[in-house]
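Summary of structural features
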Amino acid sequence: MSKGLLFVLSGPSGVGKGTVSAELRTRKPELIYSVSATTRQPRAGEVDGVNYFFKTHDEFQQMIAHDMLLEYAEYVGNHYGTPRDFVESTLEAGNDIFLEIEVQGALKVMEKFPECVFIFLP
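The model shown is predicted, which means the values in this text are computed figures rather than measured ones.

1. As for the side chain of S10
Along the chain, S10 falls in strand β1 (residues 6-10). A polar contact is formed between the side chain of S10 and the backbone nitrogen of V103, at a distance of 3.3 Å. Residues in contact with S10, not counting those within four places in the same chain, are K17, I101, E102, V103, A106, F118, I119, F120 and L121.

2. A short note on the sheet that holds strand β4 (residues 53-54)
Taken together, the four strands give an open sheet; going across it, the order is β4-β3-β6-β5, and neighbouring strands pair in mixed fashion. The open sheet has two free edges, formed respectively by β4 and β5 (69-75), since each of these has just one partner strand. With six bridges connecting them, β5 and strand β6 (residues 78-83) associate as antiparallel partners. Bridging across to β6, Y72 finds its partner in G81. Contacts from helix α3 (residues 84-92) reach β5 and β6, with the element oriented near 25° to β6.

3. Some details on the environment of T38
Residue placement: T38 occurs in strand β3 (residues 37-38). Sequence separation of T38 and T90 is 52 residues, and the distance between their C-alpha atoms is 21 Å.

4. Observations regarding the pattern of salt bridges
Enumeration according to the criterion identifies five salt bridges in this entry. K3 serves as the salt-bridge partner of E92, at 3.6 Å between the closest nitrogen and oxygen. With E92 in helix α3 and K3 in the segment before β1, the pair connects residues that are 89 residues apart, well separated along the chain. A salt bridge links E46 to R40; the nearest nitrogen and oxygen atoms lie 2.8 Å apart. Judged by its relative accessible area of 7%, R40 falls in the buried class. Linked through salt bridges whose partners overlap, the residues forming this network are D67, R84 and E88.

5. What to know about the environment of G4
Locating G4 in the fold gives a position in the segment before β1. When the C-alpha positions of G4 and E30 are compared, they lie 12 Å apart, and in sequence the two are 26 residues distant. Discounting chain neighbours no more than four positions away, the residues touching G4 are L91, G94, N95 and D96.

6. A closer look at the nonpolar core
If you look at the biggest cluster of nonpolar residues, it comprises twelve residues: L6, V8, L70, V87, L91, I97, L99, I101, A106, V109, F113 and C116. Those elements giving two or more residues to this core turn out to be β1, α3, β7 (97-101) and α4 (103-112). Per-element accounting of this core gives the leading share, three residues, to β7. Those residues in contact with V109, other than ones at most four positions away along the chain, are L6, V8, L70, E71, L99 and I101. In this structure, L31, Y33, V35 and F98 belong to the second largest nonpolar core, which totals five residues.

7. Notes on α4
Since the α-helix turns once every 3.6 residues, residues separated by three or four places project in the same direction. What α4 keeps buried is the set G105, A106 and V109. Taken around the axis of α4, the buried residues stretch over an arc of 100°, which confines them to a single face. Summarising the contacts, the buried residues of α4 are in contact with β1, β5, β7 and β8 (117-120). The opening residue of α4, the one whose side-chain oxygen lies 2.7 Å from the backbone nitrogen of Q104, is E102.

About the cut-offs
- Residues numbered from 1 in each chain as written.
- Predicted model: local features only at pLDDT ≥ 70, side-chain atom pairs only at ≥ 80, totals over all residues.
- Heavy atoms only, no water.
- Helix = DSSP H or I, 4+ residues; strand = E, 2+ residues; numbered from the N terminus.
- Polar contact = N/O pair within 3.5 Å; in protein donor to acceptor, adjacent residues only side chain to side chain.
- Contact = heavy atoms within 4.5 Å.
- Pairing = 2+ DSSP bridges.
- Axes fitted to C-alpha atoms, helices over the stretch in contact; angles between N-to-C directions.
- Salt bridge = Lys/Arg side-chain N within 4 Å of Asp/Glu carboxyl O.
- Buried < 20%, exposed > 50% of the residue type's maximum accessible area, 1.4 Å probe, protein only.
- Core = buried A, V, L, I, M, F, W, Y, C linked by side-chain atoms within 4.5 Å.
- Arc of directions from axis to C-beta.

And the structure:
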């Protein structure tokens, strides 16, 4: 079995990553979407484990301390990060996965996965 492909969708805040991501998921439902962890409060209609993994600041710090994140960053007082295990196990199972993350985090992921497909929205 071959390893899956990692796609990284990135760009500055407000550029339309969410819109492109939603369309991509509609057109390519076989792509697995990586759910990020965050310390921000859920917005109306958001579901833990679907939109984000909602964590306390202490839980997020434990994830950092135990190297459980591929990347993480702080944005407007909250932390965001990509859980390592889910991405790595998805790729090892031969499935393609995509991340929708900000630029700083995307650069960190590219260091660890130089073979990823990087899509930048300016």
